[in-house]
Amino acid sequence: MAYFSVFHNYIQQKKNAIGLPILALIWISFFWGTTWIASKEGVKHMPPMQLVALRQLFGGLLYLLYFLIKKHPWPTKRQWRTILVLSVLNFMLSNGLSTWGVKYISSGLGAIIGSIFPLWIVIISLFRGQKTSWKAVVGMIIAFGGICVIFYDYLNDFLQPEFRFGILLSVIATFTWALSSIYIKENKTNFNPYFSLGLQMLISSVVISSVIGFNGTSVPLSEIPAISWWSIGYLVVFGSVLTFIAFIYALENLPTEISSLYAYINPMVALFFGYLLFNEPLTTAIIIGGTITIIGLYLVNRAIKKK
């Protein structure tokens, strides 16, 4: 009854504004799912890390331009440290490696692997000697079982070095995203989150561009085909700007358990459009395994949020 009363009061307070946050959640669920498709199409025709660098450059510049016009104060020394760390974890490693990974694996598989980062949070917590609820452990076991079911259809693919490399990149990307989540919780600042995102993107773009330029792994901009530019444009507008704005808005205006629903919908969107557009496999094992994995992740997320 107490839970119902709290929920009722929340609905009463938000009844005039609840529509927009729910629309933001739907937007996030759909468009972040489709960014896997855009990344997959983009890396077919150009080096993955160059695509990441260009995406972060244009996205970061849009944020920076807005806050320069608004004359927003710049970060303090402590805030700069947080921005630099998150730039490495979120954009250079997590976003960069996951985009690189889908060059060798399907977009749907990349999305499923990308959603398992809560498992790393539980594992990291265990290694740090922190108490973990039994629900989180059970959820982790269920999610791992679902992943095993999914990979049943990919057993032959593991014989291919490129496929194994793509899986490795994707798994490391989820680990760094988990580290980022833990770091944010333990190093909170009151700096504007949108401005912070823009600066993180710009920093990561400069570093990645320097690395690929030094290694000679980039291609001249004139040689990038139109389809890759369209992919970059889609990723900038819908992946790096509008959807991040909707994401932070949803976090601020919806209960945590509702605002996190996007994490379970994104992989389904990626699987569906990967099957529809790229003829990627959508077998019974993938559907069943994906469902089991999402149930496990739900239990893990719920345990983490309660904690």
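Everything numeric here is computed off the predicted structure, so don't read it as measured data.

Q: Tell me about the overall build of the protein, residues and numbers included.
A: A count of helical and extended segments in the protein gives 13 helices and 0 strands. Each helix (α) and strand (β) of the protein, taken in turn from the N terminus, gives the series α-α-α-α-α-α-α-α-α-α-α-α-α. Along the first, second and third principal axes, the C-alpha set of the protein runs to 65 × 55 × 40 Å. Intrachain contacts of the protein at a sequence separation of at least 6 include 91% that bridge at least 24 residues.

Q: Which residues make up the packing of helix H5 (residues 107-114) against helix H12 (residues 262-278), and what values go with them?
A: Interaxial distance between H5 and H12 falls to 8 Å at its minimum, and their mutual angle equals 170 degrees. With respect to H12, the axis of H5 lies roughly antiparallel. Facing H5, whose interface residues are Ser107, Gly108, Ala111 and Ile112, H12 presents Pro267, Ala270, Leu271, Gly274 and Phe278.

Q: Outline the nonpolar core, listing residues and values.
A: Judged by nonpolar contacts, the single largest core of 38 residues is most densely connected at Ile28, Tyr63, Phe244, Phe247 and Tyr262. Those elements that provide at least two residues to this core are helix H2 (19-42), helix H3 (48-69), helix H4 (77-101), helix H9 (193-215), helix H10 (226-253) and H12. Ranked by residue count, the leading element in this core is H10, at 9 residues. In this structure phenylalanine 247 touches Ile28, Trp32 and Tyr262, once residues within four positions along its chain are discounted. Counting 22 residues, the second-largest nonpolar core is a separate cluster that includes Ile116, Val122, Ala143 and Leu297.

Q: A description of the environment of phenylalanine 175 should follow, citing residues and the corresponding values.
A: Locating phenylalanine 175 in the fold gives a position in helix H8 (residues 161-186). Phenylalanine 175 sits 81 residues away from serine 94 along the chain, and the two C-alpha atoms are 7.8 Å apart. Each residue touching phenylalanine 175, except ones within four places of it in the same chain, is listed here: Trp120 and Ile124.

Q: How would you sum up the side chain of serine 87? Please name residues and give values.
A: Relative to the elements of secondary structure, serine 87 occurs in helix H4. Exposure remark for serine 87: the relative accessible area of 0% places this residue in the buried category. Of the polar contacts made by the side chain of serine 87, one reaches the backbone oxygen of glutamine 200; its length is 3.0 Å. Serine 87 has contacts with Met92, Gln200, Ile203 and Ser204, leaving out every residue within four places of it along the chain.

Q: Explain the packing of aromatic side chains residue by residue, including any values.
A: Aromatic ring pairs are reported here in terms of the distance separating the ring centres and the angle at which the planes meet. A complete count under the given rule lists 19 aromatic pairs for this structure. Consider the rings of phenylalanine 30 and phenylalanine 31, whose centres lie 4.9 Å apart with planes at 85 degrees: the pair is edge-to-face. Residue class for phenylalanine 30 comes out partly exposed when judged on its relative accessible area of 34%. Exposure remark for phenylalanine 31: the relative accessible area of 14% places this residue in the buried category. Ring centres 6.4 Å apart and planes at 45 degrees place the aromatic pair phenylalanine 31 and tyrosine 234 in the tilted group. Pair noted here: phenylalanine 31 is in helix H2 and tyrosine 234 is in helix H10, with a separation of 203 residues, a long-range link.

Q: How would you sum up the packing of helix H6 (residues 117-127) against helix H7 (residues 134-150)? Please name residues and give values.
A: Relative to each other, H6 and H7 sit at 135 degrees, their axes nearing to 10 Å. In this view, H6 runs oblique relative to H7, as classed from their interaxial angle. Handedness of the H6/H7 crossing: left-handed. Within the contact between the two elements, H6 uses Leu119, Val122 and Ile123 and H7 uses Ala136, Met140, Ala143 and Ile147. Looking at side-chain class alone, the contact of H6 with H7 contains 7 nonpolar, no polar and no charged residues.

Q: Tell me about the confidence of the model for the protein, residues and numbers included.
A: Across the protein, the average pLDDT comes to 81, with 90% of residues at or above 70. Predicted confidence is poor over residues 1-12, with pLDDT under 50, and the contacts of this stretch with residues over four places away or in other chains come to 4 contacts.

Q: Can you tell me about a nonpolar patch on the surface, naming the residues and giving the values?
A: Where nonpolar side chains cluster on the molecular surface, the patch consists of Phe272, Tyr275, Leu276, Leu277, Leu282 and Ile287 and spans about 580 Å² of accessible area. The biggest single contributor to the nonpolar patch is H12, with 4 residues. Locating leucine 277 in the fold gives a position in helix H12.

Q: Talk me through H6; I want residue IDs and the actual numbers.
A: Every α-helical turn comprises 3.6 residues, leaving residues that sit three or four positions apart pointing alike. Turning to H6, its buried residues are Phe117, Pro118, Leu119, Ile121, Val122, Ile124 and Ser125. A positive phi of about 75 degrees marks glycine 129, the residue just after H6.

Q: Mind laying out the environment of lysine 131, listing which residues take part and the relevant values?
A: Mapped onto the secondary structure, lysine 131 falls in the loop between H6 and H7. Judged by relative accessible area, which is 77%, lysine 131 ranks as exposed. For the pair lysine 131 and valine 52, spaced 79 residues apart in sequence, the C-alpha separation works out to 37 Å.

What counts, and where the lines are drawn
Residues numbered from 1 in each chain as written. Predicted model: local features only at pLDDT ≥ 70, side-chain atom pairs only at ≥ 80, totals over all residues. Heavy atoms only, no water. Helix = DSSP H or I, 4+ residues; strand = E, 2+ residues; numbered from the N terminus. Contact = heavy atoms within 4.5 Å. Axes fitted to C-alpha atoms, helices over the stretch in contact; angles between N-to-C directions. Parallel < 35°, antiparallel > 145°, perpendicular 65-115°, else oblique. Core = buried A, V, L, I, M, F, W, Y, C linked by side-chain atoms within 4.5 Å. Buried < 20%, exposed > 50% of the residue type's maximum accessible area, 1.4 Å probe, protein only. Polar contact = N/O pair within 3.5 Å; in protein donor to acceptor, adjacent residues only side chain to side chain. Phe/Tyr/Trp six-rings, centres within 6.5 Å; stacked < 30°, edge-to-face > 60°. Left-handed = near helix turned anticlockwise from the far one by under 90°. Nonpolar A, V, L, I, M, F, W, Y, C, P; charged D, E, K, R; others polar. pLDDT = per-residue confidence, 0-100. Patch = residues over 30% accessible without salt bridge, like charges linked within 9 Å, V, L, I, M, F, W, Y side chains within 5 Å. Areas by Shrake-Rupley, 256 points an atom, 1.4 Å probe, with all protein chains shown as cover. Salt bridge = Lys/Arg side-chain N within 4 Å of Asp/Glu carboxyl O.

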